[in-house]
Amino acid sequence: MSSKLLNIGFGNTVAADKVIAIISPESAPVKRLKDNAEESGLLIDATCGRRTRSVIVCNSRHIVLSALQPETLAARLADKDGAVFESDSKE
């Protein structure tokens, strides 16, 4: 079985079929969403110490922070620049 992985920068990937939304982190509701996820242990920081530029909401209720722009991630998710790739995993 193969699953598509979305490259979210700096060698980090997320399962593409688990992504619900890719949003900008500036608004107050998104900051509250991030804080709530951190309190409940569902926050994953994949920024590698850089500024958070996008917040990825997953269907598992996990919130993933990325240092890449939402537009870049959306383009990769749509496979416009070839950043979405197949991973051969056998279950």
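See above for the structure.
Conventions and cut-offs
- Residues numbered from 1 in each chain as written.
- Predicted model: local features only at pLDDT ≥ 70, side-chain atom pairs only at ≥ 80, totals over all residues.
- Heavy atoms only, no water.
- Pairing = 2+ DSSP bridges.
- Helix = DSSP H or I, 4+ residues; strand = E, 2+ residues; numbered from the N terminus.
- Axes fitted to C-alpha atoms, helices over the stretch in contact; angles between N-to-C directions.
- Buried < 20%, exposed > 50% of the residue type's maximum accessible area, 1.4 Å probe, protein only.
- Polar contact = N/O pair within 3.5 Å; in protein donor to acceptor, adjacent residues only side chain to side chain.
- Contact = heavy atoms within 4.5 Å.
- Expected span 1.5 Å × (residues − 1).
- Patch = residues over 30% accessible without salt bridge, like charges linked within 9 Å, V, L, I, M, F, W, Y side chains within 5 Å.
- Areas by Shrake-Rupley, 256 points an atom, 1.4 Å probe, with all protein chains shown as cover.
- Salt bridge = Lys/Arg side-chain N within 4 Å of Asp/Glu carboxyl O.
- Lys, Arg positive; Asp, Glu negative; His and termini not counted.
- Charge placed at Lys NZ, Arg CZ, Asp CG, Glu CD.

**Comments concerning the sheet that holds strand β3 (residues 19-23)**
If you trace the 4 strands from one edge of the open sheet to the other, you get β3-β5-β6-β4, paired in mixed fashion. With one partner strand each, in any of the chains shown, β3 and β4 (43-45) form the two edges of the open sheet. The sheet shows a mean angle of 20 degrees between the axes of neighbouring strands, taken without regard to direction. As judged from the 4 bridges shared by strand β5 (residues 54-58) and strand β6 (residues 63-66), these two strands associate in the antiparallel manner.

**Structural notes on the side chain of S54**
Along the chain, S54 falls in strand β5. Here S54 falls in the buried class, since its relative accessible area comes to 0%. At a separation of 2.8 Å, a polar atom in the side chain of S54 contacts the main-chain carbonyl oxygen of L68. Apart from the residues lying within four places of it in its own chain, the contact partners of S54 are I22, I23, P25, V64, L65, S66, L68, Q69, P70 and L73.

**Some points on helix α1 (residues 28-39)**
Along its 12 residues, α1 runs 16 Å from first to last C-alpha, staying within 8% of the 16 Å computed at 1.5 Å per residue. Backbone geometry just after α1 places G41 at a positive phi near 80 degrees.

**Details of a negative patch on the surface**
Together, D35, E38, E39 and D45 line one region of the surface with negative charge. For the negative patch, the element with the highest residue contribution is α1, accounting for 3 residues. Within the secondary structure, E39 sits in helix α1.

**What about the pairing of β6?**
Side chains I63 and L65 of β6 all project onto a buried face; the interleaved residues V64 and S66 project onto the opposite face, where all are buried too. The turn linking β5 back onto β6 is made up of 4 residues, and R61 within it adopts a positive phi angle of 75 degrees.

**Some remarks on the environment of I20**
Note that I20 resides in strand β3. In this structure, the C-alpha to C-alpha distance between I20 and N59, residues 39 residues apart in sequence, is 6.0 Å. Those residues within four positions of I20 in sequence are excluded, and the remaining contacts are V57, C58 and N59.

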